[in-house]
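Coordinate analysis (summary)
Read off the chains here:
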Amino acid sequence: MKRIPVKNLLNSKEEINQLRVCGWIRTKREGKGICFAEVNDGSSQKNIQLVVEENADGYADFLKCGTGSSVSALGSLVKSPAAGQAYEVKVSSIEILGDAPADTYPLQKKRHSFEFLREIAHLRPRTNTFGAVFRVRNSLAAAVHSFFQQNDFYWIHTPIITASDCEGAGEMFRVTTLDMKNPPFKDGRINFEDDFFGRESHLTVSGQLEGELFATALGKIYTFGPTFRAENSNTSRHLAEFWMIEPEAAFSTLEDNADLAEDFLKYIFKYVLDNNPDEMKFFDDFVQKGVINRLEKIASSSFERLSYTDAVKILETSGESFDYPVKWGIDLQSEHERYLTEKKFSVPVIVTDYPKEIKAFYMRLNDDQKTVRAMDVLVAGVGEIIGGSEREYRLDVLEKRMKEMNLDPADYWWYLDTRRFGSVPHSGFGLGFERAMLFITGMQNIRDVIPFPRTPGNALF
RNA sequence: UCCCCUGUAGCUCAGUCGGUAGAGCAGUUGACUGUUAAUCAAUUGGUCGCAAGUUCGAGUCUUGCCGGGGGAGCCA
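Within any chain, residue numbers begin from 1 and follow the written order of that chain's sequence. Naming scheme: in the order in which they are written, chains are lettered from A and ligands are numbered from 1. A pLDDT threshold of at least 70 governs which residues receive local features in this predicted model, and a stricter bar of 80 or more applies before side-chain atom pairs are shown or counted, although totals over entire chains, interfaces and linings include all residues.

Before going further, it helps to examine the overall build of chain A. A run of DSSP states H or I qualifies as a helix once it reaches four residues; a run of E qualifies as a strand once it reaches two. Both are numbered from the N-terminal end. What chain A contains, in helices and strands, is 13 helices and 18 strands. Once C-beta atoms are placed from the backbone, each residue is buried if 20 or more other C-beta atoms lie within 10 Å of its own, exposed if 12 or fewer, and partly exposed for counts between those two. Relative to its 461 residues, chain A shows a buried fraction of 39%. This entry defines residue contacts through backbone-placed C-beta atoms, with two residues in contact when those atoms are within 7 Å. Within chain A, contacts between residues at least 6 apart in sequence are counted, and of these 68% link residues at least 24 apart.

This is the structure:
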C-alpha cells in the first residue's frame, strides 16, 4: 500500500481509508489496551498521532519499542475524538522496522540542552528543533537561488581549492598530498613544486576575486558555496567551515550594492516566513519569542543607512559608556554595532564609507582619500551579517593601495587584468549563510544551524 | 588567542560550615478504556572530568591538565 507522508496526512481535509504511514516515534503514551504514539517522518514539523489498540496486529511488539524506533503502520485517517489534533491514524497493523532500545538511545521524549545535542550531532536532526533548523536551512538556500535567478544573476562555481595564496581574507587551510613525515626540500624549504598542484595550495577563504572575474564578463553573478577559515575563533558566530553567498555586479555603485543587500535580505526573510510557518512558529514558541514579528517588521520597513563618520558621531554623543571609547578611525566594536542596530535604530543598519586603514585593499577609495566605499550590514543579535564594497576599478589607485598594504601586485596579475582590460565600476558583498540562519531562527549558536559544525578542535562527525 | 563561568546518575540539576551523595525526568515493574512531554505507585542506577596536594576526613579547599559554555578579538 502506498505510503502517505505525515505532512500530507496533517494537511488532509477528510478521512482516508486504508493507508500506510511510516516514521520515527517521538513520544508514546500507554493506557490499558490502547497506546498513542506521535510519529514524525521528517516531512513536517508536526507529528501525526497513531492510535494502536490491543486488537491491532503487532500490538505487543509495539508496546515494547522505545522512543526513536522506526515504524510502518497500516490504518485509516479518522477524525480524532479527543482534543489536540483534528485527525489521527487508527492503526490496524503496525511493524517495528528498527527498534531504538530505550536503555541506550540517547534521545528522550523531553528537551535536551543544545550542548548535549552537539555531542550527538549525528542524532540531533531527529529532534524537533534541529528538524526545524534544517528544513529552514533548505528553504533559505532555495530562497537565495530564487532571488538571484529572478534578478538575472548567474550562479558561478568558484573553486574550493585555490593555488593563489594571496586572498588575504584570513588564515587558510593547507591542501597537500606531500608526505608530512618526509616532505621534499629545496634550498632548506619545503619544495611545493613536487606537490599535487605544483605549488602551495589552500582551501578558499572567499570566492570574491574569482567572482569579480566573472562579473566583469557576465555582468551579474553570485557564488554560494563552502568557505574555510583556519582562524582560532571560539565564538558563537564563527565556524572554520561555513557557507557564503557573494553576489558581484558590474556597473554597480555602493548605493546599488546596498539596495541589493536590503532587497535580498527582505526577500529571503519573507520567503522563509511564507514557506515554513510551522517551523517559524516553533522557533517563536520555543527558541526566541518574537522572531516572527521581528522578521515581518524588517521585511516591510527600510534599513537605516549612514556613513561611518555619522555613526561615530552618533556613538560619541550617545551618552553610553562603552568599554572601547569611540573616535574616528577605530574599527567599530561589537558593543558599538549592537548600540546602533539594537538601541538607536531597532532596524538593520547599513554603515558605509569606512576609513581605508581598517578595510581591504580592493575597496574603492573615496575622493577624500581617507575613506573607502565599504559597507557593513548590521542586524540585532548577530552583528555583521553582510560585508561588502564598491571595488577599486582604477588600476593605478588599486596598485598603489596594494603596495601601501604590503601586497605584491605581481601576485595578483590575473586579478589586475580585470582592471587592465575593459575595467568597469563594480561592487558586491559577502553574506554568511549561517549568520542569516541565526537571525531568522533566533538560534544563539552558529554550531547549531549547520549540520556538521567545524570549529577549532572539533570535526568529529 | 585573551577574560569569566562551569564539569555530580542516561538527561536537567541541587548538594549549606569539609564528615563517603539527592531530586525531577528517562529506564524497569505494576495500576489505569482516549492520552497530549499522560497520570499514580514501587524500583534500578554514581571511580562526583582526570591527576596531585592540604586534612583524621575532600563532591566541597589548593594547583595542574582535559572537556563544555559565555564574552572579547578576527570576521561572514
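Our focus in this paragraph is the packing of helix 4 (residues 128–150) against helix 7 (residues 277–287). Angles shown run from 0 to 180 degrees and are taken between the N-to-C directions of axes, each axis being a line fitted to C-alpha atoms and, for helices, limited to the stretch in contact. The contact between helix 4 and helix 7 brings their axes to 10 Å, and the two run at 135°. Taken together, the axes of helix 4 and helix 7 are oblique relative to one another. Two packed elements cross with a definite hand, and for helix 4 against helix 7 that hand is left-handed. Residues Asn 128, Thr 129, Ala 132, Arg 135 and Val 136 of helix 4 lie in contact with helix 7, whose contacting residues are Glu 279, Phe 282, Phe 283 and Val 287. Among the residues making up the contact of helix 4 with helix 7, the classes are represented as 5 nonpolar, 2 polar and 2 charged. Here the angle decides the label: under 35 degrees means roughly parallel, over 145 means roughly antiparallel, 65 to 115 means roughly perpendicular, and every other value means oblique. Handedness of a crossing is defined here by the sense of rotation of the near helix relative to the far one, left-handed for an anticlockwise turn of less than a right angle and right-handed for a clockwise turn. For this scheme, ten residues count as nonpolar: Ala, Val, Leu, Ile, Met, Phe, Trp, Tyr, Cys and Pro. Four count as charged, namely Asp, Glu, Lys and Arg, and the remainder, Gly too, count as polar.

Backbone-to-backbone hydrogen bonds join strands into a sheet, with any given pair of strands oriented parallel or antiparallel. Paired strands, as defined in this entry, are two strands with at least two bridges between them according to DSSP. Spatial strand order, 7-11-8: 3 strands in an open sheet with antiparallel pairing. Each edge of the sheet is formed by a strand with only one pairing partner; in this case those strands are strand 7 (161–162) and strand 8 (174–175). Pairing analysis gives 2 bridges linking strand 8 to strand 11 (residues 201–203), with the strands arranged antiparallel. Across the sheet, the residue bridging to Val 175 is Ser 201, located in strand 11.

Turning our eyes to something else, we now look at the domain arrangement of chain A. Where the parts come together, the accessible area they lose is often given as the size of the interface. These domain limits were set by an automatic method or by a database of domain assignments. In terms of domain boundaries, chain A breaks down into domain 1 (6–107) and domain 2 (126–170 + 205–448). With 7 residues of domain 1 at the interface, the matching set in domain 2 holds 7 residues. Across the side of domain 1 that touches domain 2, the residue classes tally to 2 nonpolar, 4 polar and 1 charged.

As a further point, take the environment of Pro 81. Residue position: Pro 81 is located in the loop between strand 4 (70–79) and strand 5 (87–98). On the basis of neighbour counts, which here come to 7 C-beta atoms within 10 Å, the residue Pro 81 falls in the exposed class. C-alpha separation for the pair Pro 81 and Tyr 339, spaced 258 residues apart in sequence, amounts to 53 Å.

Moving on to the packing of helix 4 against helix 13 (residues 433–441). A pair of packed helices can be characterised by two numbers: the angle between their axes and the separation between those axes. Relative orientation of the contacting elements helix 4 and helix 13 amounts to 120°, with a least axis distance of 11 Å. Compared by their axis directions, helix 4 and helix 13 come out oblique. For the crossing formed where helix 4 meets helix 13, the hand is right-handed. Where helix 4 abuts helix 13, its residues Val 133, Val 136, Arg 137 and Leu 140 lie against Ala 436, Met 437, Ile 440 and Thr 441. Its residues assigned to classes, the contact of helix 4 with helix 13 comprises 6 nonpolar, 1 polar and 1 charged.

Let's shift gears to helix 7. What helix 7 keeps buried is the set Glu 279, Met 280, Phe 282 and Phe 283. Buried positions in helix 7, seen along its axis, are confined to an arc of 155° and lie on one side of it. In helix 7, the exposed positions angled more than 90 degrees off the buried face are occupied by Pro 277 and Asp 285. When we speak of the arc, we mean the arc of directions from the helix axis to the C-beta atoms.

On to the environment of Asp 284, then. Structurally, Asp 284 can be placed in helix 7. Taking the C-alpha atoms as reference points, Asp 284 and Glu 30, separated by 254 residues in sequence, lie 30 Å from one another. When near neighbours in sequence (up to four residues on either side) are disregarded, Asp 284 contacts Lys 289, Gly 290, Val 291 and Ile 292.

Before going further, it helps to examine the sheet that holds strand 2 (residues 34–40). In spatial order, the strands read 1-2-3-5-4; together these 5 strands close into a barrel with mixed pairing. Taking the axes of each pair of neighbouring strands and ignoring which way they run, one obtains an average angle of 55° across the sheet. Examined bridge by bridge, strand 3 (residues 48–57) and strand 5 share 4 bridges and lie parallel to one another. Looking at strand 5, one finds that Asp 57 is bridged to Ser 93.

Take the pairing of strand 18 (residues 426–432) next. With 7 of 7 residues buried, strand 18 lies mostly within the body of the structure. Because side chains alternate across strand 18, one face comprises the buried residues His 426, Gly 428, Gly 430 and Gly 432, and the other comprises Ser 427, Phe 429 and Leu 431, equally buried. Here strand 13 (residues 241–250) runs beside strand 18; their pairing, made up of 5 bridges, is antiparallel. Following the sheet pairing, Glu 248 is matched in strand 18 by Gly 428. Where strand 17 (residues 383–390) and strand 18 come together, 5 bridges link them in antiparallel fashion. Paired with Ser 389 across the bridge in strand 18 is Gly 428.

As a further point, take unusual backbone geometry. Positive phi, normally seen in glycine, also occurs at Phe 251, with a value near 55°. By the element assignment, Phe 251 lies in the loop between strand 13 and helix 6 (254–275).

Moving on, we get to the pairing of strand 5. It is a general feature of regular strands that their side chains alternate between the two faces of the sheet. Pairing of strand 4 with strand 5 involves 10 bridges; the strand directions are antiparallel. Each residue of the ladder has a partner; that of Ser 76, found in strand 5, is Lys 90.

As a further point, take the environment of Lys 181. Relative to the assigned elements, Lys 181 resides in the loop between strand 8 and strand 9 (185–186). Overall, Lys 181 belongs to the exposed group, with 5 C-beta atoms counted inside 10 Å. For the pair Lys 181 and Glu 255, spaced 74 residues apart in sequence, the C-alpha to C-alpha distance is 52 Å.

What pLDDT expresses is the predictor's confidence in each residue, scored from 0 to 100. Residues at a pLDDT of 70 or more form 99% of chain A, whose mean pLDDT is 93. The weakest mean pLDDT in chain A belongs to strand 10 (residues 189–190) at 88; the strongest belongs to strand 6 (residues 154–155) at 98. Reported confidence for the predicted complex is 0.90 by ipTM and 0.94 by pTM.

What follows concerns helix 9 (residues 308–316). Of the positions making up helix 9, those classed as buried are Tyr 308, Ala 311, Val 312 and Leu 315. On an axial view of helix 9, the arc spanned by its buried residues comes to 100°, and they lie on one face. Where helix 9 is buried, its residues meet strand 14 (304–307), helix 10 (334–344), strand 15 (349–355) and strand 16 (371–379).

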